[in-house]
Amino acid sequence: MGRILVLVAIVVAAVWLLRRALASGKPQEVARKPAVEGDLVSCARCGVHLPRAEARSVGERLYCSEEHARLGPGAGRG
Ligand SMILES: [Zn+2]
(Lines give C-alpha, C1' and ligand atoms only; values in the text may rest on other atoms or scores of the structure.)
Protein backbone atom coordinates (compact mmCIF):
# COMPACT_ATOMS: atom_id res chain seq x y z
CA MET A 1 0.00 0.00 0.00
CA GLY A 2 2.79 2.41 0.84
CA ARG A 3 4.46 1.79 -2.52
CA ILE A 4 1.28 2.75 -4.37
CA LEU A 5 1.11 6.03 -2.47
CA VAL A 6 4.73 6.75 -3.33
CA LEU A 7 4.04 5.96 -6.99
CA VAL A 8 1.02 8.25 -7.04
CA ALA A 9 3.05 11.00 -5.41
CA ILE A 10 5.81 10.60 -8.01
CA VAL A 11 3.31 10.67 -10.90
CA VAL A 12 1.60 13.76 -9.53
CA ALA A 13 4.93 15.47 -9.04
CA ALA A 14 6.04 14.53 -12.56
CA VAL A 15 2.84 15.85 -14.10
CA TRP A 16 3.10 19.05 -12.08
CA LEU A 17 6.71 19.58 -13.15
CA LEU A 18 5.84 18.84 -16.79
CA ARG A 19 2.97 21.29 -16.78
CA ARG A 20 5.13 23.94 -15.16
CA ALA A 21 7.88 23.40 -17.74
CA LEU A 22 5.38 23.59 -20.60
CA ALA A 23 3.76 26.71 -19.19
CA SER A 24 7.08 28.52 -18.82
CA GLY A 25 8.21 27.43 -22.27
CA LYS A 26 5.17 28.86 -23.98
CA PRO A 27 5.43 32.33 -25.39
CA GLN A 28 3.39 34.48 -23.10
CA GLU A 29 2.27 37.01 -25.67
CA VAL A 30 0.90 36.38 -29.09
CA ALA A 31 2.94 37.95 -31.85
CA ARG A 32 1.21 41.12 -32.84
CA LYS A 33 1.58 43.18 -35.93
CA PRO A 34 3.31 46.48 -35.41
CA ALA A 35 0.64 49.10 -35.14
CA VAL A 36 0.25 51.28 -38.16
CA GLU A 37 0.47 54.95 -37.30
CA GLY A 38 -3.13 55.95 -37.67
CA ASP A 39 -5.19 54.49 -40.44
CA LEU A 40 -4.37 54.32 -44.11
CA VAL A 41 -5.75 56.91 -46.47
CA SER A 42 -5.55 57.14 -50.22
CA CYS A 43 -4.23 60.06 -52.18
CA ALA A 44 -7.03 61.93 -53.93
CA ARG A 45 -4.70 62.46 -56.88
CA CYS A 46 -2.97 59.16 -57.55
CA GLY A 47 -4.75 56.83 -55.14
CA VAL A 48 -1.64 55.61 -53.35
CA HIS A 49 -2.21 54.49 -49.78
CA LEU A 50 -0.27 56.05 -46.96
CA PRO A 51 -0.64 56.61 -43.22
CA ARG A 52 -2.88 59.50 -42.37
CA ALA A 53 -0.05 61.04 -40.37
CA GLU A 54 2.03 61.38 -43.55
CA ALA A 55 -0.76 62.67 -45.75
CA ARG A 56 -1.20 66.30 -46.77
CA SER A 57 -4.72 67.49 -46.31
CA VAL A 58 -6.31 70.18 -48.41
CA GLY A 59 -9.86 70.85 -47.37
CA GLU A 60 -11.44 67.44 -46.94
CA ARG A 61 -9.10 65.70 -49.37
CA LEU A 62 -5.84 63.94 -48.58
CA TYR A 63 -2.78 63.73 -50.78
CA CYS A 64 0.46 61.74 -50.73
CA SER A 65 2.73 64.70 -51.43
CA GLU A 66 2.88 68.47 -51.61
CA GLU A 67 2.84 68.28 -55.38
CA HIS A 68 -0.32 66.22 -55.53
CA ALA A 69 -1.91 68.52 -52.99
CA ARG A 70 -1.04 71.41 -55.28
CA LEU A 71 -2.30 69.61 -58.39
CA GLY A 72 -5.58 68.70 -56.74
CA PRO A 73 -7.81 65.66 -57.16
CA GLY A 74 -8.25 63.69 -60.36
CA ALA A 75 -5.85 63.05 -63.22
CA GLY A 76 -7.82 64.70 -65.98
CA ARG A 77 -6.57 68.24 -65.83
CA GLY A 78 -3.23 69.75 -65.06
ZN1 LIG B 1 -0.55 61.15 -54.88
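Quick caveat: nothing in here was measured; it's all calculated off a predicted structure.

**Notes on the overall build of the protein**
Inference 1: Per the secondary structure count, the protein includes two helices and four strands.
Inference 2: The burial tally for the protein puts 14% of its 78 residues in the buried class.
Inference 3: Once local pairs closer than 6 in sequence are excluded, the contacts in the protein between residues at least 24 apart make up 16%.
Inference 4: For the protein, the accessible surface area stands at approximately 7,000 Å², while carbon and sulfur atoms represent 59% of it.

**Concerning the coordination of the zinc ion**
Inference 1: Note on the zinc ion: its protein donors are Cys43 (SG), Cys46 (SG), Cys64 (SG) and His68 (ND1). The metal-donor distances range over 1.9 to 2.3 Å.
Inference 2: Taken together, the four donor atoms coordinating the zinc ion span angles of 100 to 117° at the metal, a pattern that classifies the geometry as tetrahedral.
Inference 3: Every donor residue of the zinc ion comes from the same chain, spaced as C-x2-C-x17-C-x3-H. Here Cys43, found in the loop between strand 1 (40-42) and strand 2 (49-51), pairs with His68, found in helix 2 (residues 66-71); they are 25 residues apart in sequence, far enough to count as distant. The pair Cys43 / His68 is uniform in exposure class, with both members buried.

**A few points about the pattern of salt bridges**
When the charged atoms of two side chains with opposite charge come close together, those side chains can pair.
Inference 1: Counting across every chain of the model gives two salt bridges.
Inference 2: The closest approach of N and O atoms between Asp39 and Arg52, which form a salt bridge, is 3.1 Å. A residue pair is termed long-range when its members are at least 10 positions apart, and Asp39 in the loop between helix 1 (2-25) and strand 1 and Arg52 in the loop between strand 2 and strand 3 (56-58) qualify at 13 residues.
Inference 3: In this structure, Glu66 engages Arg56 in a salt bridge whose closest nitrogen and oxygen atoms are separated by 3.5 Å. Taken together, the positions of Glu66 in helix 2 and Arg56 in strand 3 put the pair ten residues apart, joining distant regions of the chain.
Inference 4: The exposed category is assigned to Glu66, whose relative accessible area is 54%.
Inference 5: For Arg56, a relative accessible area of 32% translates into the label partly exposed.

**Examining a nonpolar patch on the surface**
Inference 1: On the surface, Ile4, Val8 and Val12 cluster together to form a nonpolar patch covering roughly 270 Å² of accessible area.
Inference 2: Inspection of the secondary structure puts Val12 in helix 1.

**Quick look at the confidence of the model for the protein**
Inference 1: Of all residues in the protein, 76% have pLDDT values of 70 or greater, and the mean over the chain is 84.
Inference 2: In the model of the protein, helix 1 stands out as the element of lowest mean pLDDT, 90, in contrast to strand 4 (residues 61-63), which has the highest, 95.

What counts as what
- Residues numbered from 1 in each chain as written.
- Predicted model: local features only at pLDDT ≥ 70, side-chain atom pairs only at ≥ 80, totals over all residues.
- Heavy atoms only, no water.
- Helix = DSSP H or I, 4+ residues; strand = E, 2+ residues; numbered from the N terminus.
- Buried < 20%, exposed > 50% of the residue type's maximum accessible area, 1.4 Å probe, protein only.
- Contact = heavy atoms within 4.5 Å.
- Areas by Shrake-Rupley, 256 points an atom, 1.4 Å probe, with all protein chains shown as cover.
- Donors = N, O, S within 2.8 Å, 3.2 Å for Na, K, Ca; no water.
- Tetrahedral: all angles 85-135°; square planar, octahedral: opposite > 155°, others 65-115°.
- Salt bridge = Lys/Arg side-chain N within 4 Å of Asp/Glu carboxyl O.
- Patch = residues over 30% accessible without salt bridge, like charges linked within 9 Å, V, L, I, M, F, W, Y side chains within 5 Å.
- pLDDT = per-residue confidence, 0-100.

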